[in-house]
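Each chain is listed here by its residues.
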Amino acid sequence: MWKKLFAWLDERLGLNDLYKNILDRPEPKGNWWNTLGSASLFLFVVQAATGIFLTVYYTPSPDHAYDSIQYIMTGVAFGWLIRGIHHWGATLMVVVVFIHMVRVFVTASYKYPRELTWVIGVCLLILTLGMGFTGYLLPWNQQAYWATTVGTSIAGTVPFLGPFIQNALRGGADLSALTLSRFFAAHIWILPALLVGLIGVHLYLIIKHGESQFPDKDD
Amino acid sequence: MAPSHNMSRRDFVTLVTATLGTIMAAVIGLPAIDYLIDPALKSQKIAAWIPLGRLDSFPIGTPTLSTFTSSTVNGWEKTVNSYGVYVLRKSDTQVLALSNKCTHLGCHVNWKADSQEYVCPCHDAHFGPNGDVHSGPPPRPLDHFETKVENGILSIHLLEG
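Here the residue numbering is sequential within each chain, running from 1 through the sequence in written order. Chain labels run from A onward and ligand labels from 1 onward, assigned in the order the entries are written. The model is predicted, so local features are restricted to residues of pLDDT at least 70 and side-chain atom pairs to those at 80 or more, both for listing and for counting; the totals for chains, interfaces and linings are taken over all residues.

### Digging into the overall build of chain B
Part 1 of the reasoning: Within chain B one finds 1 helix and 10 strands.
Part 2 of the reasoning: Helix and strand labels come from DSSP, where a helix needs a run of H or I of at least four residues and a strand needs a run of E of at least two; each type is numbered from the N terminus. N-terminal to C-terminal, the α/β element order of chain B is α-β-β-β-β-β-β-β-β-β-β.
Part 3 of the reasoning: Only C-alpha atoms enter the radius of gyration, while the globule expectation follows 2.2 Å times N to the 0.38, with N the number of residues. Over its C-alpha trace chain B gives a radius of gyration of 29 Å, far above what one expects of a compact globule, namely 15 Å for 161 residues.
Part 4 of the reasoning: When the backbone C-alpha atoms are referred to their principal axes, chain B occupies close to 100 × 40 × 25 Å.
Part 5 of the reasoning: Using C-beta atoms placed from the backbone, we call a residue buried if 20 or more other C-beta atoms fall within 10 Å of its own, exposed if 12 or fewer do, and partly exposed for counts in between. Burial statistics for chain B: of 161 residues in total, 17% are counted as buried.
Part 6 of the reasoning: For chain B, restricting intrachain contacts to residue pairs at least 6 apart in sequence, the fraction spanning at least 24 positions comes to 36%. Working definition of a contact: two residues with C-beta atoms, positioned from the backbone, lying within 7 Å.

### Things to note about the overall build of chain A
Part 1 of the reasoning: When helices and strands are counted, chain A shows 9 helices and 0 strands.
Part 2 of the reasoning: Ordering the α and β elements of chain A from the N terminus gives α-α-α-α-α-α-α-α-α.
Part 3 of the reasoning: Across its three principal axes, chain A shows a C-alpha extent of roughly 55 × 55 × 30 Å.
Part 4 of the reasoning: In chain A, buried positions account for 25% of the 219 residues.

### What about the domain arrangement of chain B?
Part 1 of the reasoning: Segment limits for the domains were obtained from an automatic or database-derived domain assignment. Structurally, chain B comprises domain 1 (1-42) and domain 2 (50-158).
Part 2 of the reasoning: The C-alpha-based centres of domain 1 of chain B and domain 2 of chain B are spaced at 58 Å.

### Considering helix 1 (residues 2-13) of chain A
Note: α-helices contain 3.6 residues per turn, so residues at a spacing of three or four share the same orientation.
All names here are of chain A.
Part 1 of the reasoning: Counted at 1.5 Å a residue, the expected span for helix 1 with its 12 residues is 16 Å, and the 16 Å between its end C-alpha atoms agrees.
Part 2 of the reasoning: Sparse coverage of helix 1 is indicated by the burial of 0 of its 12 residues.
Part 3 of the reasoning: Residue Gly14 follows helix 1 closely and has a positive phi angle near 65°. How far a helix is expected to stretch is found by multiplying one less than its residue total by 1.5 Å.

### Some remarks on the packing of helix 7 (residues 142-155) of chain A against helix 8 (residues 162-170) of chain A
Residues and elements named next belong to chain A.
Part 1 of the reasoning: Axis separation between helix 7 and helix 8 bottoms out at 7 Å; the angle between their running directions is 145°. In this structure, helix 7 uses Thr152, Ser153 and Ala155 to contact helix 8, whose residues at the interface are Gly162, Ile165, Gln166, Leu169 and Arg170.
Part 2 of the reasoning: Residues of the contact of helix 7 with helix 8, tallied by class, amount to 3 nonpolar, 4 polar and 1 charged. Interaxial angle, 0 to 180 degrees, is taken between N-to-C directions of lines fitted to C-alpha atoms, where a helix line uses only the stretch in contact. Gly is put with the polar residues, along with every residue not named as nonpolar or charged; the nonpolar set is Ala, Val, Leu, Ile, Met, Phe, Trp, Tyr, Cys and Pro, and the charged set is Asp, Glu, Lys and Arg.

### A few points about unusual backbone geometry
Residue and element names in this part refer to chain A.
Part 1 of the reasoning: Put simply, Tyr112 and Pro113 share a cis peptide bond, and its omega is 5°.
Part 2 of the reasoning: Here Pro113 is to be found in the loop between helix 5 (79-106) and helix 6 (115-137).
Part 3 of the reasoning: Phi is positive for Phe160, close to 65°, though the residue is something other than glycine.
Part 4 of the reasoning: Mapped onto the elements, Phe160 comes out in the loop between helix 7 and helix 8.

### A word on the sheet that holds strand 6 (residues 117-119) of chain B
Residue and element names in this part refer to chain B.
Part 1 of the reasoning: When DSSP finds two or more bridges between a pair of strands, those strands are recorded as paired. If you walk across this open sheet you meet the 4 strands as 5-6-7-8, and the pairing is antiparallel. Two strands in the sheet have a free side with no partner beyond their single neighbour: strand 5 (110-112) and strand 8 (133-135).
Part 2 of the reasoning: For strand 7 (residues 126-127) and strand 8, the ladder comprises 2 bridges, and the chain directions are antiparallel. From the neighbouring strand, Phe127 faces strand 8, where its bridge partner is Val133.

### So, the confidence of the model for chain A
Part 1 of the reasoning: Per-residue confidence from the predictor is reported as pLDDT, which spans 0 to 100. Summarising the model, chain A shows a mean pLDDT of 93, and 100% of its residues fall at 70 or more.
Part 2 of the reasoning: Mean pLDDT across the elements of chain A bottoms out in helix 2 (residues 15-23) of chain A (87) and peaks in helix 6 of chain A (97).

### Points about helix 4 (residues 65-74) of chain A
Residue and element names in this part refer to chain A.
Part 1 of the reasoning: Looking at helix 4, one finds that the buried residues are Ala65, Ser68, Ile69, Tyr71 and Ile72. The buried side chains of helix 4 occupy one side of the element, clustering within an arc of 155° when seen end-on.
Part 2 of the reasoning: Those residues of helix 4 that are buried lie in contact with helix 3 (36-55), helix 5 and helix 9 (177-209). The reported arc concerns the directions from the helix axis to the C-beta atoms and nothing else.

### Considering the interface of chain B and chain A
Part 1 of the reasoning: Chain B puts 8 residues into the contact, and the matching count from chain A is 15 residues.
Part 2 of the reasoning: Broken down by class, the residue content of the side of chain B that touches chain A amounts to 5 nonpolar, 1 polar and 2 charged.

### What to know about the nonpolar core
Part 1 of the reasoning: For our purposes the nonpolar core covers buried Ala, Val, Leu, Ile, Met, Phe, Trp, Tyr and Cys residues that link as a set through C-beta atoms within 7 Å. Residues A:Leu54, A:Tyr57, A:Ile72, A:Leu138 and A:Leu180 are the most contacted members of the largest nonpolar core, which totals 19 residues.
Part 2 of the reasoning: Secondary-structure elements contributing two or more residues to this core are helix 3, helix 4, helix 5 and helix 9 of chain A.
Part 3 of the reasoning: Setting aside chain neighbours within four positions, we find A:Ile72 in contact with A:Leu54, A:Tyr57, A:Tyr58, A:Gly79 and A:Arg83.
Part 4 of the reasoning: Within the second largest apolar cluster, 18 residues are counted, among which are B:Val85, B:Val109, B:Tyr118 and B:Leu154.

### Considerations on the environment of B:Pro141
Part 1 of the reasoning: Structurally, B:Pro141 is set in the loop between strand 8 and strand 9 (144-150).
Part 2 of the reasoning: Separated by 11 residues in sequence, B:Pro141 and B:Asn130 place their C-alpha atoms 8.4 Å apart.

### Thoughts on the pairing of strand 4 (residues 95-99) of chain B
All names here are of chain B.
Part 1 of the reasoning: Of all 5 residues in strand 4, 4 are buried, a share of seventy percent or more.
Part 2 of the reasoning: Where strand 3 (residues 77-89) lies against strand 4, 5 bridges are found, and the strand directions are antiparallel. Within the sheet, the bridge partner assigned to Tyr86 lies in strand 4 and is Leu98.
Part 3 of the reasoning: In this antiparallel pair of consecutive strands, strand 3 and strand 4, the connection spans 5 residues.
Part 4 of the reasoning: In the sheet, strand 4 pairs with strand 9 via 2 bridges, with the strands oriented antiparallel. Each residue of the ladder has a partner; that of Ala97, found in strand 9, is Phe145.

### Details of the packing of helix 5 of chain A against helix 6 of chain A
Residue and element names in this part refer to chain A.
Part 1 of the reasoning: Contact pair helix 5 / helix 6: the axes reach a minimum separation of 10 Å and the direction vectors enclose 160°. When the interaxial angle is binned, helix 5 and helix 6 end up roughly antiparallel. Judged by the twist between their axes, the crossing of helix 5 over helix 6 is left-handed. Across the interface between the two elements, Ala90, Met93, Val94, Val97, Met101 and Val104 from helix 5 touch Trp118, Gly121, Leu124, Leu125, Thr128, Leu129, Gly132 and Gly135 from helix 6. Throughout this description, any angle smaller than 35 degrees is read as roughly parallel, any larger than 145 degrees as roughly antiparallel, any in the 65 to 115 degree range as roughly perpendicular, and the remainder as oblique. Left-handed describes a crossing whose near helix is turned anticlockwise from the far helix through less than a right angle; right-handed describes the clockwise counterpart.

Right, here's the structure in full:
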């Protein structure tokens, strides 16, 4: 019965081909450092899932942002768990993505034909940092407020364009309700959409080129 | 690798991965479901008795409008609503407390002393002194409050219908 159902689906979806080409690829000799990309992807999925759950109760307005998070932490069943995973997962994701990059650099995996995989990976690192930066403001507590004040001021020191960039990030001269809602929009729509798209290309390139051999003494 | 079983390394790894994955999914997934449905599981706070004032301050035989506020907390927000109640003191001990909210569409009814009726300004509904519908579109009589008198203070408590 199940075999028949699977055969029916496989005939139409090509599940076996997908499995063979995506998951059953030939790999170089196993090495735990090679798992960091998968770990980054896993953390991204966890962050996306817990983030979606947080938006059920979070309100991106200066009047309610702080109170709604207090409510998530104390009023909702397991709210502390969902937010805790999102909070620590964010830090862990930056660390894992960074170590992943260091591994690729040290093993020279960025070389031909994988230059574009590297370039997209760098974009993914920047987007991950952007997620950290925008997400940090959302609790709307003192720490968040002043960290974003400092962060956007740093952007303001860019020669010539600085003041414009600072105003564009803040949605005005000062931090306000506009800053909170545009950071929220960036955090839950714009940056995740870019991340999903680039992760897709990144994965396609990995599947296309396979994983690189570790360099040996002759390289 | 378990030597006593005919299990390949590959099967063992698959089994361990599937088991650990299921446990992790359950540990995160089940609380997540509880998190989502939590507001539905919480019982609404039962409104307490609301004191309206001394019973002797209400005249016998004439419905008198009295107002009170009641607040509800929804998540991180508190909403304060204002309510009106017509108190009709029939005798020294007998009290009828009617909500002034028309049962048709929720407009506020007014007591008309000349016709001895409550009249709704929205769709011209008429209610008798006991809240029964005399004419107009309302589907049921005016809602009444449960009343009690303690130490001469009249308190009310909403009853449906």
